[in-house]
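# Examination of the molecular architecture
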Amino acid sequence: SSSAIEVLRACALYRYLQDLVSAESVEPELLATPLLPVLANAIEGVHLMFRDSGIQIRSTLPDECQVVSINPKRTLAALSSVLMIAHDVSHVGDTVEVTTSTDSPDSVHFVLENKNAHPVALNTQQGLSMALAEANVRSQRAALSWSLEPFSVRVAFPKGVQVDLS
């Protein structure tokens, strides 16, 4: 029934607002963490959904594992959110490309792009999800930017210092 759908929608909006308040007000613990396992976990979490929708994820990742200063839980949540939004704005036959690079001396860049997706706007749920991803990234002293033409998301994570325990 339509009232049940409206209740579910209201609950989802309330959950987003709670998560946004938490992301903005609770300081996360930042750890020197390899980015690739967190990114691989996010991609693995949506891989079947992409495949079942006829959308391909192509990742171009470096051989060496880049260490960044992040909160793994918040980073996973943010990356998963942008992957879900990319799925929502993509069509059958599209390819979502995911890359990381270390072009900057003090940051690692994550880039997600679908050159065939040109949404006019994000819907309410997608907009809230993107706002939450931005808040989660910002809370880690990282930066997120995104565009609809074509759909792309860029995150600059501060490099972490890897401690050699040997």
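Refer to the preceding data block for the structure.
Thresholds applied
- Residues numbered from 1 in each chain as written.
- Predicted model: local features only at pLDDT ≥ 70, side-chain atom pairs only at ≥ 80, totals over all residues.
- Heavy atoms only, no water.
- Helix = DSSP H or I, 4+ residues; strand = E, 2+ residues; numbered from the N terminus.
- Expected span 1.5 Å × (residues − 1).
- Buried < 20%, exposed > 50% of the residue type's maximum accessible area, 1.4 Å probe, protein only.
- Polar contact = N/O pair within 3.5 Å; in protein donor to acceptor, adjacent residues only side chain to side chain.
- Salt bridge = Lys/Arg side-chain N within 4 Å of Asp/Glu carboxyl O.
- Core = buried A, V, L, I, M, F, W, Y, C linked by side-chain atoms within 4.5 Å.
- Contact = heavy atoms within 4.5 Å.
- Axes fitted to C-alpha atoms, helices over the stretch in contact; angles between N-to-C directions.
- Parallel < 35°, antiparallel > 145°, perpendicular 65-115°, else oblique.
- Left-handed = near helix turned anticlockwise from the far one by under 90°.
- Nonpolar A, V, L, I, M, F, W, Y, C, P; charged D, E, K, R; others polar.

For helix H4 (residues 124–138), with 15 residues, the first-to-last C-alpha span of 21 Å sits near the 21 Å given by 1.5 Å per residue. Along H4, the residues that are buried comprise Gln126, Leu128, Ser129, Met130, Leu132, Ala133, Ala135, Asn136 and Val137. Put simply, asparagine 123 is the residue that caps the front of H4, since its side-chain oxygen is 3.1 Å from the backbone nitrogen of glutamine 125.

It is worth spelling out the pattern of salt bridges at this point. Taken as a whole and judged by the stated rule, the model has 3 salt bridges. Across the pair arginine 141 and glutamate 27 runs a salt bridge whose closest N-O atoms are separated by 3.5 Å. Residue arginine 141 is located in the loop between H4 and strand S6 (143–148), and its partner glutamate 27 is located in the loop between helix H1 (2–25) and strand S1 (31–34); the two are separated by 114 residues in the primary sequence. Assigned by exposure class, arginine 141 and glutamate 27 land together as exposed.

Counting 35 residues, the largest nonpolar core has Phe110, Leu112, Phe151 and Phe157 as its most contacted members. Among the elements of the structure, helix H2 (35–52), strand S3 (67–70), helix H3 (72–89), strand S4 (95–104), strand S5 (107–114), H4, S6 and strand S7 (151–158) are those that each provide at least two residues to this core. With sequence-adjacent residues up to four places away left out, leucine 112 is seen in contact with Val82, Leu83, Ala86, Val96, Glu97, Val98, Phe151, Ser152 and Val153. If you look at the next biggest cluster of nonpolar residues, it comprises 6 residues, including Leu20, Ala23, Leu128 and Ala135.

Relative to the helices and strands, histidine 87 is located in helix H3. Taking the relative accessible area as the measure of exposure, histidine 87 reaches 12% and is therefore buried. Within polar-contact distance, the side chain of histidine 87 engages the side chain of serine 53 at 2.8 Å.

As a further point, take the packing of H3 against H4. One can describe the packing of H3 onto H4 by two numbers: an axis separation of 9 Å at closest approach and a directional angle of 150°. Taken together, H3 and H4 sit at an angle that is classed as roughly antiparallel. Seen along the crossing, H3 lies across H4 with a hand that is left-handed. Across the interface between the two elements, Arg74, Ala77, Ala78, Ser81, Val82, Ile85, Asp88 and Val89 of H3 pack against Gln126, Ser129, Met130, Ala133, Asn136 and Val137 of H4. Of the residues in the contact of H3 with H4, the class split is 8 nonpolar, 4 polar and 2 charged.

At a minimum axis distance of 9 Å, the contact between H2 and H3 shows a crossing angle of 35°. In this structure, H2 crosses over H3, and the sense of that crossing is right-handed. Two secondary-structure elements touch here, H2 through Leu35, Val38, Leu39, Asn41, Ala42, Ile43, Val46, Met49 and Phe50 and H3 through Pro72, Thr75, Leu76, Leu79, Ser80, Leu83, Met84, Ala86 and His87. Here the contact of H2 with H3 is composed, by residue class, of 14 nonpolar, 4 polar and no charged.

Structurally, the position occupied by glutamate 29 is in the loop between H1 and S1. Along the chain, glutamate 29 and leucine 132 lie 103 residues apart, while their C-alpha atoms are 18 Å from each other. Beyond its immediate sequence surroundings of up to four residues, glutamate 29 is in contact with Ile70 and Asn71.

Interpretation in functional terms is not warranted from these geometric data alone.
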